Structure formats: C-alpha cells, structure tokens
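Summary of structural features
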There are 2 protein chains.
Amino acid sequence: MRVLGLDLGGANVKAALISASNGQVKLHAIRRYLPIWKIGKERYGRSVEEVVQNLAPFDELAVTMTAELSDVFQSKREGVNFILDVIANTCEHFHVLDVKANLITPEEARNGPLNVASANWAATGWLAGKLFPEDRVLAVDVGSTTTSIIPVDRGSIVAEGLNDIEKLAYGELVYTGVLRTNIAAIVDKVPVKGILTRISAEFFASSGDVHLVLGNIKQEDYSVETANGRGVSVEEAMARLARAVCGDLELLCREDVISIARYVYERQLLQVEEAILQVLSRLKWRSAKVLTLGLGSKFIAREAALKAGLREVSSLEDMVCRGASSTGPAFALACMLLEKRSVSVSRDFLLSLRED
Amino acid sequence: MRVLGLDLGGANVKAALISASNGQVKLHAIRRYLPIWKIGKERYGRSVEEVVQNLAPFDELAVTMTAELSDVFQSKREGVNFILDVIANTCEHFHVLDVKANLITPEEARNGPLNVASANWAATGWLAGKLFPEDRVLAVDVGSTTTSIIPVDRGSIVAEGLNDIEKLAYGELVYTGVLRTNIAAIVDKVPVKGILTRISAEFFASSGDVHLVLGNIKQEDYSVETANGRGVSVEEAMARLARAVCGDLELLCREDVISIARYVYERQLLQVEEAILQVLSRLKWRSAKVLTLGLGSKFIAREAALKAGLREVSSLEDMVCRGASSTGPAFALACMLLEKRSVSVSRDFLLSLRED
C-alpha cells in the first residue's frame, strides 16, 4: 500500500509517501522550494503536478495547503479552488484536510473553502495525539516561514483558532521561521558596538542568515532564496546582516555581525516562548509535554519550550525520523490515510517507521 | 542662472532646478520612482541621465545619494562609484555633497566614498540653518522610506552620526516612511475585533496602504509599487491590510481594517517621537523649533514633534513651497549651489522663492 500526503505552502511544497509492504513501513519525504509569488501560480501548479506524478502510483492522496494566502490570489476562496484544480489534474479521487482534522472530499472543500484554508496544523495535532495519547501536549512546528503551536489533550486537538487570524490572535500561529523571516519583523533594534541601533525596514537579511552565521543550520539547509538573491556562504550571510543596519563588512567586523545574529536569535526564541505561554494561559495548563518538529525543531522549538519552563520535550526527528519532522503535516496526512485503510497508527507503529 | 540639485535614492530620484533671472527666482521640482533593486543599476543609471538631460542646460550641478546602500551593490564603495559614473556621463564638472555639508569634487568623492554615502541629510540641515539662523532647530524629513532628524544649532549642524549606522544608533535616522515601509517592521501585533493579533512577517502591506486608507495621502501621492503589485484604490489597500493578519475582505469588514490602520499610524508616530526625544536627550535640549519636510511633513513629522512636546513646528511646504519640501535635500543642494555663485541664501530669499 502506498499513501501520499501533500502540504502545499506558498514557499515550500512538502510530500510524504509512506509505503507499507511485507510488514515493512517506509517513508519517502520530499521538500521543494516553490515560491508561488515569484514563479507564478501556473508554474507552481505544474511543479506540484510533477512532484505528484513522480511519486505515483499511490493508493490514496490527501492534500492540505497554506498557499491560498499568497498575494497571487485575490482571496483565500480563489486560492483554495486553484490548489484543488491542480491536484484534480493529477488524480481523480483525493482527500482534503479540514480544520477539524477530517479528510473531506474535493467537492465539500469547494463548498466551504475557508474550512480547508491553512488547515495543515490540524494534521500535526492529530499526529501529536497519536504519539502522546494519554498526555497534554503542545506540538510546536517551526518551519521556514511560520511556527504553529497546537495544543492536544489526550488525543483531542484543543486549539482555539480555526483560521489564521484567530490563530495569530491566540498564539497558535507565529509568523517567524528558520529561513524566510525578515529580521526587521523580529527586532527593531540590534546591538552594534555597544549601542542599541535601529535597523532598516527593507528586506536586507532573513532569519536564515542568522542561523547560518550561528551554525544552527548548514549551507545545504538554506533552501530558499536569500534576501538579496546572492549565495548562502557565511560571508554572504554576514554581509546581509551588516546591511540590515545599513553597514557592510568594511564598517563592521565578524564579531559585530555575530553579536547582531545572537540578539536576533534570542528575540526570535522570545517570540515563540511568548506564544507558548499564551496558549498555556488560555488552557490553564501548568505544564505540558512538547513535541517539536520542523526545520527549527531543535534550536528554536525546543529552546523556546525550555525557556517557557516546559521540561519534557521530544522531537519528532528523534522519535521517528528527520523526514517526518521536516515534512510535518504532509507526513501526518499520510498517516491519516493509512488509518483510513485500516492500519492502526499507534505510537508503536509510528516509532517503528523508518525513512527511505 | 540655473542650478540643479540631485538626490539619488534607491527608490526615488529627486531633482530641484532653481532658475534665477531678472530678480525672479523659481523652483522646478521633480520626483521619480526608480526602484534600483527592481529595474537594475543600468536602467536606473540611464533614467537618471535622462532626468538630468531633460533639465539641461544648467550652470552648476550637485549630487547626493542614498542609492549606494542598495542590494545591487556589494559595498557602499561600489555604489558610490557607480553613481558618480552616472553623473559623469551627463556633465563634465559637478559637485558632490559630503557628510560635513561641503561640496567636494568627484575625485575627492572617489577617494573617500564613505564621506559622501548617504550624506543627503547634511543638505537638509544646512537649509534648516539658513531658515532659522538664530535658533535651535530639528529638521524632521519624513520621506517615502526613511525619516531623518537633523539637529541644527544657530546655523551649525550638530548631528552625532556621520554614517547610517551611527545615525540609526543616535535616532537621527529612522527606517520608517510614508509609502514603502512594511507594516511588519512597524508593529508586531494589531487590534482585530478587540484582540491584539500577531501579524504576518511577509511583505503584505505597506505604510502607503495605512495612509491611503486613513486619508493622509491621496491616490496620486502613492507613487511607488504596492506590496502585491496591485492598484492604489482604497479597496485594494484595505485588502492588503487585511492580508497582513492573514485575512481578506470576506473575513474582515472596513471598520476592522480602519482600526488596524489607525493603530499602525499611531505606532509609526511613536517611532519618530522616540527618535526626536533621543536626539534631544543627547543634546540636553529642553526644546527646539521644528522644521518639517518630506511627504510626511504634515501628518507624521508634525504630529510626532507635537507628541514629543515641541510646539513651534513649521513646514517647509508652507514656508517655501511643496516642491521644496518633497525634494528636500535636492532643493537644499540647489540652494548651496546658488550660494557658491554668490547669491545670498538668506531666510528672506528662501521665503520669496516660488514653485514653477
């Protein structure tokens, strides 16, 4: 049996193919940088079709999306319908995730596009429930662009927000990520030679530069376009960070730039910690287990959870595998499809799964 | 006699041609949106050459720049030399402004590019000294992209920062403006239906949308590209502001969006007020006169100065004319050239000047 989960973001497309045969269960995980606002919706659609066709054949396909939010669409409604059209071009019958973590038909999705817009967090919450069926758990998924915090109480998702606005309000969605975040959206000042210095509001440097310079990510992890379109060497990342305070590497030395990076990193952790504490406050939870996933699983989600006083932190990467963590909702969707085909997706089953 | 001042920014190019004949002095002011990071440096250079050639003949030309900071250049040094080459293509002999408000030769500029990089504020300071020769005055220039605060003490510029980094540190430069500022660089949360809601870190809406929706600017003032490349109707601006909290005009009504705009405006005023208070604190000035100029002269610079407790606020637009205010440093440079040609640029002379 082969099941395919797809998470179609506006910047990154993720696919998780799980194949189960002869008692062996294997995951094939794919991430591809497809910036829809740059390449346009037509090329985006064709690239997604290619990804799906390359993974065929499969028995079931389920899709979730956040790409509908992109500027290339006038409204979420238009975006959802476009994504559904793209998938409909590749297979006759498929499932769509809704915000209640149900798999619904494309027709149902078209009738209520706002029920499936940006629903990918619900798959992640479902997965956290499967891994921690007896516990209160926060799933903290730190991706290239955004962070989702999904509270799950003994297998039931107890999120307050069902759309992006509500999630932004309640701390369940934070627009901060490992690679693409403009550092001007994280900080308004950074220390330079001892003085807190305002930064430029242009898009001169991104969080990827911060994490590359600090060694949190490697060059090959920096899989998106840089702020200035130049390369992903440490030197080029440093030049971008220097430019964020209107400097260059003639005016600032490496130590100056590392200080800037450390400060932005710390402030980014605070963004996530604040949201975690906000979510806990609504639920009146004193504590929770934490499941971290996404590109920033180890150095953002885990660190922010520890800052927030949560001590039982597990990463999906260590529990299952890196591909499961980096494709998060797509992987979870594939697991939902397995369950639909009467595979019992227990904690033990998940822990036995290995990456191809 | 005809003198031409040029202020070459990375987003906007401004030219001020002053012609004096038969006792009549007239200003011809030009602003053109030329985003160097989009159109590339070659097309930028050709467009600047066209602007200059269309204004010929003139007796003197002086140039200042901020475009050297753009991403299209690896360093400020490279950017300065590029700009000097562009002007050298249009006329044999010209002047370049340095950060001490001197007009130096192109050769001197090439020998010390960091002395002429982003020096345009010095021309504005010089002008403020001419208009208020007996006073302590802050010139507050709020442009499309940035705000400069230049302290002038009885005709002498007393700024602490001589380059962008220092100015950002000392509050003399704030990266906030009327049109191009990403609202995610002004606020991290906005009120939505009573709840402070996080905003997206993408470039979904800019300060131009805020000021258009609030009626601070008219459609024809919105002379730069919008965040999503769509139009400058109030409806389209509202859609962009809704998207900043991942909403659209199906999820949010006009009143919701106006509340968001009012909040961002208020926080932008605080950015400028904070910087004004910071500049005053270094100088130990209890008070100062304020000269406001730029696109945001009336609704940002003036309002922020009043918030900071400064009561004697005059706008260059009302004292001289709109063209002088909207081209600020370019106009001031032209006045410096007049003085070089032995015209006494007194307060009375300036007040007698009229726009073409």
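Values in this document were obtained by computation on a predicted structure and should not be read as measured data.

Moving on, we come to the packing of aromatic side chains. Remark: the centre distance and the inter-plane angle together describe each pair of aromatic rings, the angle taken between the planes. Residues and elements named next belong to chain A. In the structure shown here, the tally under the stated rule is 2 aromatic pairs over all chains. Note on F73 and F82: the rings are 5.4 Å apart at their centroids and 45° apart in plane angle, and the pair reads as tilted. On the basis of relative accessible area, F73 is assigned to the buried category, the value being 0%. Taking relative accessible area as the criterion, F82 reaches 18% and is therefore assigned buried. A cation over an aromatic ring shows up here: R347 above the ring of F132, its NZ or CZ 5.3 Å from the ring centre.

Residues and elements named next belong to chain B. Across the sheet, 7 strands lie side by side as β6-β5-β4-β1-β2-β3-β15; this open sheet has mixed pairing. The sheet is open, and its two borders are formed by β6 (103-104) and β15 (354-355), each paired with just one other strand. Across 6 bridges, the pairing between strand β1 (residues 2-8) and strand β4 (residues 60-65) is parallel. By the bridge assignment, G5 is partnered in β4 with A62. Of the strands in this sheet, β1, β2 (12-21), β3 (24-33) and β4 are in contact with helix α1 (residues 36-55), which crosses β1 at around 170°. Against the sheet, helix α11 (residues 322-340) contacts β1, β2, β3, β4, β5 (95-97), β6 and β15, and its axis sits at roughly 50° relative to β2.

Taken as a whole and assessed by the stated rule, the structure comprises 54 salt bridges over all chains. Linking A:D164 and A:K167 is a salt bridge whose minimum nitrogen-to-oxygen distance equals 3.7 Å. Placement of the pair is A:D164 and A:K167 together in helix α5 (residues 164-170), with a separation of 3 residues, close to one helical turn. Across the pair A:R180 and B:E202 runs a salt bridge whose closest N-O atoms are separated by 2.9 Å. Of the two residues, A:R180 sits in the loop between β10 (173-174) and β11 (189-192) while B:E202 sits in the loop between β12 (195-198) and α6 (207-213), which places them in two different chains. For A:R180, a relative accessible area of 14% corresponds to the buried category.

This part covers the pairing of strand β7 (residues 136-142) of chain B. All names here are of chain B. Burial analysis of β7 places 6 of its 7 residues in the buried class, the great majority of the element. Pairing geometry for β7 and strand β8 (residues 147-153), over 7 bridges, is antiparallel. Looking at the pairing, R136 lines up with D153 of β8. In this structure, the hairpin formed by β7 and β8 is closed by a connection of 4 residues. Here β7 pairs with strand β13 (residues 289-293) via 5 bridges, running parallel. Paired with D141 across the strands is L293, a residue of β13.

As a further point, take the relation of the copies chain A and chain B. Mapping chain A onto chain B leaves a residual RMSD of 0.0 Å; the transformation is a rotation of 180° accompanied by 0.0 Å of translation along its axis. Given the turn and translation reported, the copies of this chain are related as if by a two-fold rotation axis. Among all residues of chain A, the one whose C-alpha sits closest to the rotation axis is A:A185, at a distance of 2.5 Å. Of the interface residues in chain A, 100% have counterparts in chain B that sit at the interface too, so the contact is made through matching surfaces.

Once that is clear, we can look at the packing of helix α4 (residues 120-131) of chain A against helix α11 (residues 322-340) of chain A. Packed helices, taken two at a time, are described by their axes: the angle between them and the distance between them. All names here are of chain A. Viewed as axis vectors pointing N to C, α4 and α11 meet at an angle of 65°, and their least axial separation amounts to 8 Å. At the point where α4 passes α11, the crossing takes the left-handed sense. Across the interface between the two elements, N120, A123, T124, W126, L127 and K130 of α4 pack against G328, P329, F331, A332, L333, C335, M336 and E339 of α11. A breakdown of the residues in the contact of α4 with α11 according to their chemical character gives 9 nonpolar, 3 polar and 2 charged.

Bringing the state of the cysteines into the picture now. Residue and element names in this part refer to chain B. By the definition in use, this model includes 0 disulfides over all chains. Free cysteine C91: the closest other cysteine sulfur is in C335, separated by 19 Å. Sulfur of C335: no disulfide; nearest cysteine sulfur belongs to C321 and is 9.6 Å away.

What follows deals with the UniProt feature "domain: Hydantoinase A/oxoprolinase" (unreviewed entry) in chain A. Mapped onto this structure's residue numbering, the UniProt feature "domain: Hydantoinase A/oxoprolinase" (unreviewed entry) falls at residues 62-314 of chain A. Between the first and last C-alpha atoms of residues 62-314 of chain A the distance is 27 Å; the span itself is 39% helix and 17% strand.

It is common to give the size of an interface as the accessible area lost on bringing the parts into contact. Taken together, the 52 residues of chain A in the interface contact 52 residues of chain B. Between chain A and chain B, roughly 4300 Å² of surface is buried when both sides are summed, and carbon and sulfur atoms account for 51% of that area. Considering only the side of chain A, the residues that lose the most area to chain B are A:D71, A:I165 and A:R198, jointly responsible for 18% of the buried surface there. Between chain A and chain B we count 10 salt bridges in total. With a shortest N-O distance of 3.8 Å, A:E274 and B:R198 are connected by a salt bridge. Connecting chain A to chain B are 24 residue pairs in polar contact (both at pLDDT 80 or more). Listing elements by their share of the side of chain A that touches chain B, those giving two or more residues are α2 (76-90), α5, β10, β11, β12 (195-198) and α8 (254-283) of chain A. Considered class by class, the residues forming the side of chain A that touches chain B number 26 nonpolar, 12 polar and 14 charged.

What follows covers the nonpolar core. One finds B:L138, B:V140 and B:I276 to be the most contacted residues of the largest nonpolar core, which totals 63 residues. The greatest single-element share of this core, amounting to 12 residues, is contributed by helix α8 (residues 254-283) of chain B. Filtering out sequence-adjacent residues up to four positions away, B:V140 remains in contact with B:T147, B:S148, B:I149, B:V272, B:I276, B:V290, B:L291, B:T292, B:L293 and B:A301. The next biggest cluster of nonpolar side chains, apart from the first, holds 60 residues, and it includes A:V178, A:A201, A:A237 and A:V290.

Procedures and definitions
Residues numbered from 1 in each chain as written. Chains lettered and ligands numbered in written order. Predicted model: local features only at pLDDT ≥ 70, side-chain atom pairs only at ≥ 80, totals over all residues. Heavy atoms only, no water. Phe/Tyr/Trp six-rings, centres within 6.5 Å; stacked < 30°, edge-to-face > 60°. Buried < 20%, exposed > 50% of the residue type's maximum accessible area, 1.4 Å probe, protein only. Lys NZ or Arg CZ within 6 Å of the ring centre and 35° of its normal. Pairing = 2+ DSSP bridges. Helix = DSSP H or I, 4+ residues; strand = E, 2+ residues; numbered from the N terminus. Contact = heavy atoms within 4.5 Å. Axes fitted to C-alpha atoms, helices over the stretch in contact; angles between N-to-C directions. Salt bridge = Lys/Arg side-chain N within 4 Å of Asp/Glu carboxyl O. Least-squares fit on C-alpha atoms with pLDDT ≥ 70 in both. Left-handed = near helix turned anticlockwise from the far one by under 90°. Nonpolar A, V, L, I, M, F, W, Y, C, P; charged D, E, K, R; others polar. Disulfide = S-S within 2.5 Å. UniProt positions renumbered as here; feature names shortened; annotations may be inferred. Buried area = accessible area lost by both parts, 1.4 Å probe. Polar contact = N/O pair within 3.5 Å; in protein donor to acceptor, adjacent residues only side chain to side chain. Core = buried A, V, L, I, M, F, W, Y, C linked by side-chain atoms within 4.5 Å.

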